[in-house]
Amino acid sequence: MNSLTLSYKNHRFPPQIIARAIWLYFRFPLSPRLVEEMLLERGIVVSYETIRRWSRKFGVAYVKQLRRRKPSRKDIWHLDEVVISIGGRKHWLWRAVDQDGYVLDEIVQARRDTKAAKRLLVRLLKKQGLMPKRIVTDKLRSYGAAKRDVMPAVEHRSHKGLNNRAENSHVPLRKRERMMQGFRSVGGLQRFISVFSAVRNLFVAPQQKRSALATHIHRIRAMAQWKAVTGAAV
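Note that the structure is predicted; figures quoted are calculated from it, not measured. (Residues numbered from 1 in each chain as written. Predicted model: local features only at pLDDT ≥ 70, side-chain atom pairs only at ≥ 80, totals over all residues. Heavy atoms only, no water.)

Participant: What should I look at first to understand the nonpolar core in this one?
Facilitator: It is characteristic of soluble globular proteins that their nonpolar side chains tend to be buried jointly. In this structure, Trp-54, Tyr-62 and Trp-226 are the most contacted members of the largest nonpolar core, which totals 44 residues. For this core, the secondary-structure elements that each account for two or more residues are helix H1 (15–27), helix H2 (32–41), helix H3 (48–65), strand E1 (76–86), helix H8 (186–203) and helix H9 (212–230). Residues in contact with Tyr-62, not counting those within four places in the same chain, are Leu-6, Tyr-8, Ile-18, Ala-19, Ile-22, Trp-226, Val-229 and Thr-230. Judged by nonpolar contacts, the second largest core, of 21 residues, contains Trp-92, Trp-94, Tyr-102 and Ala-146. (Core = buried A, V, L, I, M, F, W, Y, C linked by side-chain atoms within 4.5 Å. Buried < 20%, exposed > 50% of the residue type's maximum accessible area, 1.4 Å probe, protein only. Helix = DSSP H or I, 4+ residues; strand = E, 2+ residues; numbered from the N terminus. Contact = heavy atoms within 4.5 Å.)

Written as structure tokens, this is what we have:
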């Protein structure tokens, strides 16, 4: 599915409005009700439930068309896990980001052990197709045990102070979790983060020193790509 075959048939709102609603919902820590209010300020009357349905229907389709960063053997993977409330029960979101803060993969799991860490590493290798230069984790011993099984030759640095990139990548989702008062299901969270992180990857400039002009140009190009993917270009 691409922007040319993506169908908006039977939707009374044009692609520009649907894409804008989805962009607001996933790009910023906004609930569907707040997106509803922001659109209303522009004279667009649409319910928050409709915005929620748009996000579920079109979000994944958009993300499939977004260009992904090509992996490199010089990449450094920062791995971390954070507790997430799902239906009042504790789960763990395992996440990997690279040296620029680009989200490589994330998976929701019920456990925080070696088996869960190994599953993350196997998924990463399959998706990236390359071994990293190094992995950086906190002091959780499960990472070391999983690494010895999956990628024994890769350098591993285990130190909480070195893993700020992975820990910082949890912050936007934490804000959303507090706003939504937790997530309802594992599947719902997994679907949400797949779109949430892809949109963030597109719009957030790499975490290296950049000028204000370079950051501005990066965001203009990101918006142009978003409009091309969603068919919302005018």
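And the narrative resumes.
Participant: Hey, could you run me through unusual backbone geometry in this one?
Facilitator: Negative phi is the rule for most residues except glycine; trans is the rule for most peptide bonds. A positive phi angle, near 70°, is found at Asn-10, a position not held by glycine. Mapped onto the fold, Asn-10 is located in the segment before H1.

Participant: Explain the side chain of Thr-215 here, please?
Facilitator: When you line up the elements, Thr-215 lands in helix H9. Accessibility expressed as a relative area gives 17% for Thr-215, which makes it buried. Setting aside chain neighbours within four positions, we find Thr-215 in contact with Ala-205 and Arg-210.

Participant: Please explain the pattern of salt bridges as it appears in this structure.
Facilitator: Where charged atoms from two side chains of opposite charge come close, those side chains can pair. All told, the structure shown has 11 salt bridges when counted by the stated rule. Between Arg-112 and Glu-81 there is a salt bridge; the shortest N-O distance is 2.9 Å. Here the residue Arg-112 occupies a position in the loop between strand E3 (103–109) and helix H4 (114–128), and Glu-81 occupies one in strand E1, the gap between them amounting to 31 residues. With relative accessibility at 38%, the residue Arg-112 sits in the partly exposed group. Here Arg-123 ties to Asp-105 by a salt bridge, and the two come within 3.0 Å at their closest N and O atoms. (Salt bridge = Lys/Arg side-chain N within 4 Å of Asp/Glu carboxyl O.)

Participant: Explain the sheet that holds strand E5 (residues 155–158) to me, please; I cannot follow it from the model alone.
Facilitator: Working definition: the strands of a sheet are paired by backbone hydrogen bonds and lie parallel or antiparallel to each other. One open sheet accounts for 5 strands, arranged E3-E2-E1-E4-E5; its pairing is mixed. Edge positions in the sheet fall to E3 and E5, since each has one partner strand and no second. Across the sheet, the mean angle separating the axes of adjacent strands is 20° when strand polarity is ignored. Relative to strand E4 (residues 134–137), E1 runs parallel, the two sharing 3 bridges. If you follow Ile-76 over to E4, its bridge partner there is Arg-134. (Pairing = 2+ DSSP bridges. Axes fitted to C-alpha atoms, helices over the stretch in contact; angles between N-to-C directions.)

Participant: Even after reading the chapter, I still don't get the environment of Asp-149, so can you show me in this structure?
Facilitator: Residue placement: Asp-149 occurs in helix H5 (residues 141–150). Since its relative accessible area comes to 53%, Asp-149 is described here as exposed. Counting along the chain gives 28 residues from Asp-149 to Leu-121, while the straight-line C-alpha distance between them is 9.8 Å.

Participant: Whenever I open this one, the pairing of strand E2 (residues 89–97) confuses me. Can you help?
Facilitator: When a strand is regular, its side chains alternate between the sheet's two faces. Most of E2 sits out of view: 7 of its 9 residues are buried. Where E1 lies against E2, 9 bridges are found, and the strand directions are antiparallel. In the sheet register, Ser-85 faces E2, and the bridge partner there is Lys-90. From the end of E1 to the start of E2, which pair antiparallel, there are 2 residues, and Gly-87 there has a positive phi angle of about 60°. Bridge count for E2 against E3 is 6 bridges, and the pairing is antiparallel. Bridging across to E3, Ala-96 finds its partner in Asp-105.

Read these as layout, nothing more, since geometry by itself doesn't imply function.
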